[in-house]
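Inside the fold
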Amino acid sequence: MSDATAAPQTDLSAYTTLRLGGPAGTLTVATETDQILATARKAPGKVLILAGGSNVVIGDDGFDGTVLLLRTRGIRVVEDHGDSVVLRVAAGEPWDDFVAYAVEQGFSGVECLSGIPGSAGATPIQNVGAYGQEVAHTIVAVHAYDRRSDTIRVMPPAECGFAYRASVFKHNDRFVVLEVDFRLARSPGSAPIRYAELARNLGVEAGDRVGLQQARDTVLKLREQKGMVLDPADRDTWSVGSFFTNPVLGAAEWAALGLEAPHWPGADGSVKIPAAWLIERAGFAKGFAGDGVAISSKHTLALTNRGEGTTEALLDLARTVRDGVRGKFGIELHPEPVLINCAL
Ligand SMILES: Cc1cc2nc3c(=O)[nH]c(=O)nc-3n(C[C@H](O)[C@H](O)[C@H](O)COP(=O)(O)OP(=O)(O)OC[C@H]3O[C@@H](n4cnc5c(N)ncnc54)[C@H](O)[C@@H]3O)c2cc1C
């Protein structure tokens, strides 16, 4: 095992898609699983696990501890059942490289998650989802280092607590995800298309299947139009994707509001409302600006750094939007990214 490299006082803005965040106490880059374990075990005090930096908002004062930057790589087939395979993916593997590989190999189940930034190991953290798929549909095990018991655990989905943009791993520094196992169907066709906008753009009915590459290409096109694919030259993508989750209301609360809003009914009677609709109706249009920060010109849910922003300015903008929605509708918006050393 080679030693992980550690550098003091590194500016974390270089490692986040928002390009925000102050200095790290120490930044350690791990390219092997053994290095992750060694650093997590011996680091004195606080440890922040960082991979793609695409779902974190780090305070302007940075993080006064050890930042462990995950850069492990690797995808391998660990089980072959003929009509399906189980693929084990290293935590630091870029997520979209894995999706591209699966599509190329004729493995079906993650194609609608094309173009999402960040690492494979972070996908269980908030049960990454888009266009009708979420990783909870295909994850069969999460291999995680449990800092409490100092053991490596193989956690089946039942132990992961997957829910809408949530899991046992989110807001919890007990576990470091080392590898993730996905079961994918061996099929040239996509999983059934569930998302109406995607089906419309593919020219099919919801529930139909299309070619894997066609599904990937169409998702990438839709995402690009919304500034949801990273592009260093496009400041509309200097974000964490959606800043707020879509609020989920209980049946009684929804009925009491009497709101004429688009919504998705849940199996348990709950109702999910698009946060973007609420934000727009509360008076915040695309491009609404704060100090060096703004709502993306392509996507109402993305709060972006225009280049001169600070974390505090971004959070100010988020507070303005949240308070506006609360004032107009009495509905509370909650942040989707993990806030580190800062608060909304
Ligand atoms: C343009 C854009 C579009 C996006 N679109 C979507 C989308 O469609 N759907 C969606 O769900 N998300 C989306 N996101 C959010 C983000 O890409 C995902 O949440 C992604 O999985 C984060 O991966 P990351 O490696 O960047 O995680 P980081 O930002 O590095 O980390 C996020 C959190 O996970 C923790 N973490 C990361 N890796 C590990 C690990 N191995 N073990 C333990 N904890 C870990 C970190 O400590 C932190 O708390 C988008 C973001 C951007 C910028």
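Below, the structure is looked at part by part. (Residues numbered from 1 in each chain as written. Predicted model: local features only at pLDDT ≥ 70, side-chain atom pairs only at ≥ 80, totals over all residues. Heavy atoms only, no water.)

On to the pattern of salt bridges, then. The full count for this structure, using the stated rule, is 22 salt bridges. Across the salt bridge formed by Arg326 and Asp323, the nearest N and O atoms sit 3.3 Å from each other. Remark: Asp323 and Arg326 occur in helix H8 (residues 311-329); sequence separation between them is three residues, near one turn of the helix. Judged by its relative accessible area of 36%, Arg326 is partly exposed. One salt bridge in this structure joins Arg326 and Glu332, with 2.8 Å as the shortest N-O distance. Connected via shared salt-bridge partners are Asp146, Arg153, Glu159 and Arg174. (Salt bridge = Lys/Arg side-chain N within 4 Å of Asp/Glu carboxyl O. Helix = DSSP H or I, 4+ residues; strand = E, 2+ residues; numbered from the N terminus. Buried < 20%, exposed > 50% of the residue type's maximum accessible area, 1.4 Å probe, protein only.)

Now for H8. An ideal rise of 1.5 Å per residue puts 27 Å on 19 residues; H8 measures up with 27 Å between its terminal C-alpha atoms. Thr311, Ala313, Leu314, Leu315, Leu317, Ala318, Arg319, Val321, Arg322, Val325 and Phe329 are the residues of H8 that are buried. Tucked into the core, H8 has its buried residues touching strand E4 (56-58), helix H6 (251-257), helix H7 (275-281), strand E17 (293-295), strand E18 (303-305) and strand E19 (338-340). One or two steps after H8, the chain reaches Gly330, where phi turns positive at roughly 70°. (Expected span 1.5 Å × (residues − 1). Contact = heavy atoms within 4.5 Å.)

To continue, consider the pairing of strand E13 (residues 175-186). Burial analysis of E13 places nine of its twelve residues in the buried class, the great majority of the element. When strand E7 (residues 84-90) meets E13, the two strands line up antiparallel, connected through seven bridges. Within E13, the residue paired with Ala90 across the bridge is Glu179. Two elements, strand E8 (residues 107-108) and E13, share two bridges in a ladder whose sense is antiparallel. Each bridged residue has a counterpart across the sheet, and for Ser108 the counterpart in E13 is Ala185. Where strand E11 (residues 139-146) and E13 come together, seven bridges link them in antiparallel fashion. (Pairing = 2+ DSSP bridges.)

Turning our eyes to something else, we now look at the nonpolar core. Among soluble globular proteins, nonpolar side chains are generally buried collectively. If you look at the biggest cluster of nonpolar residues, it comprises 39 residues, and the most contacted ones within it are Trp95, Phe98, Val110, Val142, Phe182, Leu184 and Leu198. Among the elements of the structure, E7, helix H2 (95-105), E11, E13, helix H4 (196-202) and helix H5 (212-225) are those that each provide at least two residues to this core. With sequence-adjacent residues up to four places away left out, Phe98 is seen in contact with Ile75, Leu87, Val89, Val110, Phe182 and Leu184. If you look at the next biggest cluster of nonpolar residues, it comprises 33 residues, including Leu259, Leu278, Leu301 and Leu315. (Core = buried A, V, L, I, M, F, W, Y, C linked by side-chain atoms within 4.5 Å.)

Moving on to the site of the ligand. Around the ligand there are 33 residues in total, and Ile49, Ala51, Ser54, Ser119 and Val177 lie nearest to it. Separating an oxygen atom of the ligand from a backbone N or O atom of Ala51 is a distance of 2.8 Å. Contact with the protein chains hides 94% of the accessible area of the ligand, taken as 970 Å² for the molecule alone. Residue contributions to the shell around the ligand peak at three residues, all from E13. (Near = heavy atom within 4 Å. Polar contact = N/O pair within 3.5 Å; in protein donor to acceptor, adjacent residues only side chain to side chain. Areas by Shrake-Rupley, 256 points an atom, 1.4 Å probe, with all protein chains shown as cover.)

Tracing the sequence through the fold places Leu70 in strand E5 (residues 63-70). Overall, Leu70 belongs to the buried group, its relative accessible area being 4%. Taking the C-alpha atoms as reference, Leu70 lies 11 Å from Thr39; in sequence the two are 31 residues apart. For Leu70, the contacting residues outside a window of four places in its chain are Ala30, Ile36, Ile49, Leu50, Ala51, Ala91, Gly92 and Val177.

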